[in-house]
Amino acid sequence: MVASEITQTAAGRRERNKRDKQQRIFAAASELFAAHGYAAVTTQQIAERADVAGGTLFRYAATKAELLLMVCNEDFRVGLAAGRTALPAAGTPGERMLALVTPLIGAGRQNDENTTAYQREVLFGEPHERYRAEALELARELQSLFAAVLADAWDAAGASASRPRPDPTLAARTASDVLHLELARAGLFGTPTPRLQGELRAQFTLIAHGFLHSPHDDSPQPD
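Predicted model, so just to flag it, every value in this text is computed and none were measured.

## With respect to the nonpolar core
Membership of the largest hydrophobic core comes to 57 residues, with the highest contact counts inside it found for Phe33, Ile46, Leu67, Val101, Leu142 and Phe146. The dominant element in this core, judged by the number of residues it contributes, is helix H7 (residues 130–156), at 11 residues. When residues of this core are assigned to domains, at least three map to each of domain 1 (1–60) and domain 2 (63–212). The residues touching Phe33, leaving out its near neighbours within four places in the chain, are Tyr38, Val41, Ile46, Lys64, Leu67, Leu68, Val71, Asn111 and Asn114.

Have a look at this one:
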């Protein structure tokens, strides 16, 4: 075997070992957070469950908050995919927006403590954190889906016949912000899920009504 082949083989082995450790860390964090809640779990417990050294753990996630973001981002990603699949082709915009986020609500209510901590880290976490950046990108994906629902509602209402369709970005961002804040509120106050869903549907309906009927500056401002 020539030197280049030996180098490639070694690099491939290192990459596999890295993926294996990351998967073990993810699984350990997910299991422990689900079983005991964010506050009660330590990084040492996660390292022991994953069978890695503490220093190794921190090469994959620098803090316990990053571990929570890693785990909850995957739940969000799966829920978002399920919501995209479940999105009905017809219905009021409020109903369609609620259907889109129903899988996210279900995932979030499995452990209110973890969901509340996750929302806090997404909103107020360190800007350089890798997994927070992933969370914000997932939020933008949700906003784009909300925007598509609002655009569909505009076209279905025939509003385009009277004036050009405004940019739905701001209304979609508002709907996304409402979801994050209401999930955190539900976790803090123990709001029953049916009530949470009803409140979200009402707020989504109000946002859609404002988008369809209120004149506004439709130029989104930079983040």
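Past the structure itself, the notes keep going.
## Some points on the pattern of salt bridges
In this structure the tally under the stated criterion is 13 salt bridges. Glu199 is paired through a salt bridge with Arg195; the nearest N and O atoms lie 3.0 Å apart. Of the two residues, Glu199 and Arg195 are both situated in helix H9 (residues 193–213); the distance of four residues between them amounts to about one turn of the helix. Among the ionic contacts, a cluster of salt bridges with common partners joins Glu74, Arg77, Arg130 and Glu134.

Cut-offs applied
- Along each chain, residues carry numbers from 1 onward, in the same order as the chain's sequence is written.
- Totals for whole chains, interfaces and linings use every residue, but because this is a predicted model, local features are given only for residues with pLDDT of at least 70 and side-chain atom pairs only at 80 or more, for both listing and counting.
- To obtain the side-chain values, all non-hydrogen atoms of the structure were used and water was disregarded.
- Buried Ala, Val, Leu, Ile, Met, Phe, Trp, Tyr and Cys residues that are joined via side-chain atoms within 4.5 Å together make up what is termed a nonpolar core.
- Partly exposed residues are those whose accessible area sits between 20% and 50% of the maximum for their type, while under 20% is buried and over 50% is exposed, using a 1.4 Å probe and protein chains only.
- Helical segments are the DSSP runs of H or I of at least four residues, strand segments are the runs of E of at least two, and each set is numbered from the N terminus.
- Note that domain bounds follow an automatic or database assignment of domains.
- Any two residues whose heavy atoms approach within 4.5 Å at even a single point are treated as in contact.
- The term salt bridge refers to a side-chain nitrogen of Lys or Arg lying within 4 Å of a carboxyl oxygen of Asp or Glu.

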